[in-house]
Amino acid sequence: QVQLVESGGGLVQAGGSLRLSCAASGSSFSNYAMGWFRQAPGKEREFVAAISTAGRTTVYTDSVKGRFTISRDNTKNTHYLQMNSLKPEDTAVYYCAADETTRILSTTTSPRYWGRGTQVTVSS
């Protein structure tokens, strides 16, 4: 089992940036597909971004394309979500996720492992 711990959330003004980190421990990080989901108040959890095990492929939900960038550093057992040009509608709890049974997470994936979440609040 892999343990996931998110960090980097906070309160920012619209147009600002945040960088979320997800540190993994307990298993071979490079074997896990990694990604980010978010859940806003009163809404269902939604897929945000994913990166394949080797980092060669990335996938983003349409609403964040061009603004968010997912990356991973397998030597540090950490993956990141760089969020630029933040909008109030980005406000949510962001969760990192991992799954060793697939090469990449997607909108149809139910990841096996989850972090506890980090709050991102974008003020207008």
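One can find the structure itself at the top, above this paragraph.
Keep in mind the model is a prediction, meaning the values are calculated, not measured. (Residues numbered from 1 in each chain as written. Predicted model: local features only at pLDDT ≥ 70, side-chain atom pairs only at ≥ 80, totals over all residues. Heavy atoms only, no water.)

Some details on the nonpolar core
Now for step 1: Grouped together as the largest cluster of nonpolar side chains are 29 residues, with contacts concentrated most on Leu4, Trp36, Leu81, Met83 and Tyr94.
Now for step 2: Non-local contacts of Leu81, meaning those with residues more than four positions away in its chain, are made with Leu18, Arg19, Leu20, Trp36, Val48, Ala49, Phe68, Thr69, Ile70 and Tyr94. (Core = buried A, V, L, I, M, F, W, Y, C linked by side-chain atoms within 4.5 Å. Buried < 20%, exposed > 50% of the residue type's maximum accessible area, 1.4 Å probe, protein only. Contact = heavy atoms within 4.5 Å.)

Re the environment of Gly10
Now for step 1: Within the secondary structure, Gly10 is located in strand S2 (residues 10-13).
Now for step 2: In the structure, Gly10 is positioned 111 residues away from Thr121 in sequence and 6.2 Å away in space, judged by C-alpha atoms.
Now for step 3: Residues in contact with Gly10, not counting those within four places in the same chain, are Leu18, Gln119, Val120 and Thr121. (Helix = DSSP H or I, 4+ residues; strand = E, 2+ residues; numbered from the N terminus.)

So, the state of the cysteines
Now for step 1: Under the criterion given, the structure shown has one disulfide.
Now for step 2: One disulfide bridge connects Cys22 with Cys96, the sulfur atoms lying 2.2 Å from each other. Between Cys22 and Cys96, the disulfide has an S-S torsion of 55° and is therefore right-handed. Taken together, the residues Cys22 in strand S3 (residues 18-25) and Cys96 in strand S9 (residues 92-99) connect sequence positions 74 residues apart. One exposure class covers both Cys22 and Cys96, and it is buried. (Disulfide = S-S within 2.5 Å.)

Some remarks on the pairing of strand S4 (residues 33-39)
Now for step 1: Burial of S4 is extensive: six of the seven residues sit out of reach of the surface.
Now for step 2: In the sheet, S4 pairs with S9 via seven bridges, with the strands oriented antiparallel. What sits directly across from Met34, in S9, is Ala98.
Now for step 3: Of the pairings in the sheet, the one linking S4 to strand S5 (residues 46-51) comprises five bridges and is antiparallel in character. Residue pairing across strands places Phe37 opposite Phe47, the latter belonging to S5.
Now for step 4: Between S4 and S5, which pair antiparallel in sequence order, lie six residues; one of them, Gly42, sits at a positive phi of approximately 75°. (Pairing = 2+ DSSP bridges.)

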